[in-house]
Amino acid sequence: MADDKANRGALVVVEGLDRAGKSSQCELLYRSLLDMNYKTKYIRFPDRSTPIGKQIDSYLRGQSQLDDHSIHLLFSANRWEVAQSIHDDINKGITVIVDRYSFSGAVYTAAKGNPNLSLHWAWQPEVGLPRPDLCLFLSISPEEAAKRGGYGVERYETDSMQTRVRNLFLSLLDLPHNDEICVIDAGRSVAEVAQDILEPVLECMKNVDSIGPLKK
Ligand code: DGP
Ligand code: NA
Ligand code: NA
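Every chain begins its residue count from 1, and numbering advances along the sequence as written. Numbering of ligands from 1 and lettering of chains from A proceed in the order in which they are written. For this predicted model, a pLDDT threshold of at least 70 governs which residues receive local features, and a threshold of 80 or more governs which side-chain atom pairs are given and counted, while totals over whole chains, interfaces and linings are taken from all residues. As a rule here, side-chain values come from all non-hydrogen atoms in the structure, and water together with hydrogens is ignored.

1. Quick word on empty space enclosed by the protein
Throughout, the protein atoms alone are placed on a 1 Å grid, and a set of points is a cavity if a 1.4 Å probe fits but cannot get out or a pocket if it is open with protein on both sides within 12 Å along at least five of seven lines; lining residues have an atom within 4 Å of a point. Grid points are joined across faces, edges and corners, and a volume is the space filled by probe spheres set on the points. In the structure shown here, the tally under the stated rule is two cavities of 30 Å³ or more. Every residue lining the second largest cavity is listed: Glu-15, Cys-135, Phe-137, Phe-169, Leu-172, Leu-173 and Ile-181. The way it works is that DSSP assigns letters per residue, a run of H or I at least four long becomes a helix, a run of E at least two long becomes a strand, and they are numbered from the N terminus. Those elements that place two or more of their residues in the lining of the second largest cavity are strand S4 (134–139) and helix H8 (159–173). Considering each element in turn, the lining of the second largest cavity owes the most residues, three residues, to H8.

2. Quick notes on the environment of Glu-203
Relative to the helices and strands, Glu-203 is located in helix H9 (residues 190–206). When its relative accessible area of 41% is taken as the criterion, Glu-203 is described as partly exposed. Each C-alpha atom, one on Glu-203 and one on Pro-51, is 37 Å from the other, the two residues being 152 residues apart in sequence. Partly exposed describes any residue whose relative accessible area lies between the buried limit of under 20% and the exposed limit of over 50%, with all areas from a 1.4 Å probe on protein chains only and scaled to the type maximum.

3. Observations concerning the site of ligand 1
Whether a residue is near a molecule or strand is decided by its heavy atoms; if any one of them lies within 4 Å of it, the residue is near. For ligand 1, the set of nearby residues contains 13 residues, the closest of which are Asp-18, Phe-75, Arg-79, Arg-100 and Gly-105. In this structure, an oxygen atom belonging to ligand 1 sits 3.2 Å away from a side-chain N or O atom of Arg-44. Within the side chain of Thr-109, one N or O atom sits 3.3 Å away from a nitrogen atom of ligand 1. The protein chains shown are the only cover counted for residues, whose accessible areas, like all others here, come from Shrake-Rupley with a 1.4 Å probe. Taking 490 Å² as the accessible area of ligand 1 by itself, protein coverage stands at 94%. Among the detected pockets, ligand 1 sits in the largest pocket. Identification of polar contacts relies on pairs of N or O atoms within 3.5 Å, with a donor-acceptor requirement for protein atoms, meaning one able to donate a hydrogen and the other able to accept it, and with residues adjacent in sequence counted only if both atoms are side-chain atoms. In this scheme, a molecule is assigned to a cavity or pocket if more than half of its atoms are within 2 Å of the grid points.

4. Things to note about the packing of aromatic side chains
For Phe, Tyr and Trp, rings pair up if their centres lie within 6.5 Å, where Trp contributes its six-membered ring, and each pair is then called stacked (planes under 30 degrees apart), edge-to-face (over 60) or tilted (otherwise). In total, this model carries six aromatic pairs according to the counting rule given. With centroids separated by 6.0 Å and ring planes inclined at 40 degrees, the aromatic side chains of Phe-45 and Tyr-101 adopt a geometry described as tilted. With Phe-45 in the loop between strand S2 (40–44) and helix H3 (51–60) and Tyr-101 in the loop between strand S3 (95–99) and helix H5 (102–110), this residue pair connects regions lying 56 residues apart in the sequence. Taken as a pair, Phe-45 and Tyr-101 share a single burial class, namely buried. By the ring-pair criterion, three or more aromatic residues cluster together here, those being Tyr-59, Tyr-108 and Tyr-156. Its guanidinium or amino end placed over the ring of Tyr-59, Arg-155 lies 3.8 Å from that ring's centre, counting from NZ or CZ. Whether a charge sits over a ring comes down to the Lys NZ or Arg CZ being within 6 Å of the ring centre and within 35 degrees of the ring normal.

Okay, here's the thing in structure tokens:
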């Protein structure tokens, strides 16, 4: 009989600052896995297409104002609305690549500097979401980020915000239960970064066990 473990897809998350190259790398990873005949899907958060996602989109573009707690919970709800379908896909043997996930969720909110919005508080709505098998953190220095051109017009795309986000991402790496996080130097060429990403992903796909929940 086929081994269930071998049949499960992996949940692979790609995280990083704005301009770290996440979307290009997710796309390349997706193509590589397809070329190797793996069943694969590529999704991203925020998913701006759902009713909740449309509220998030409007907020990010500065077209609406929302209380910091409210927008935080909307970002989380936007992940929860596809949690079941992520489970279903993975159990069908599909490897799901996710552009941003709970780590962005906790870090961008905590970076606002409001003492009521601690990293601990911000993590709690994520508890119970499908736990990634691997989280690739695309690390880019503020200097390299600056070379890649100006920020867009969306909320959060400022130097001070990105510096706080970067420091908070780095602090997450120190938490003992976050051992699935792998830091990738994203300051190199697109091809070099892609090569560096593929190896741990293929390794992770070989070793998937039953999928667990994100923990407190
Ligand atoms: P992107 O479409 O990947 O460029 O993301 C849009 C912006 O939203 C980006 O600045 C990061 C931020 N963001 C993504 N996910 C979350 C989240 O869960 N919570 C908060 N507060 N911000 C997020
Ligand atoms: Na962005
Ligand atoms: Na992106």
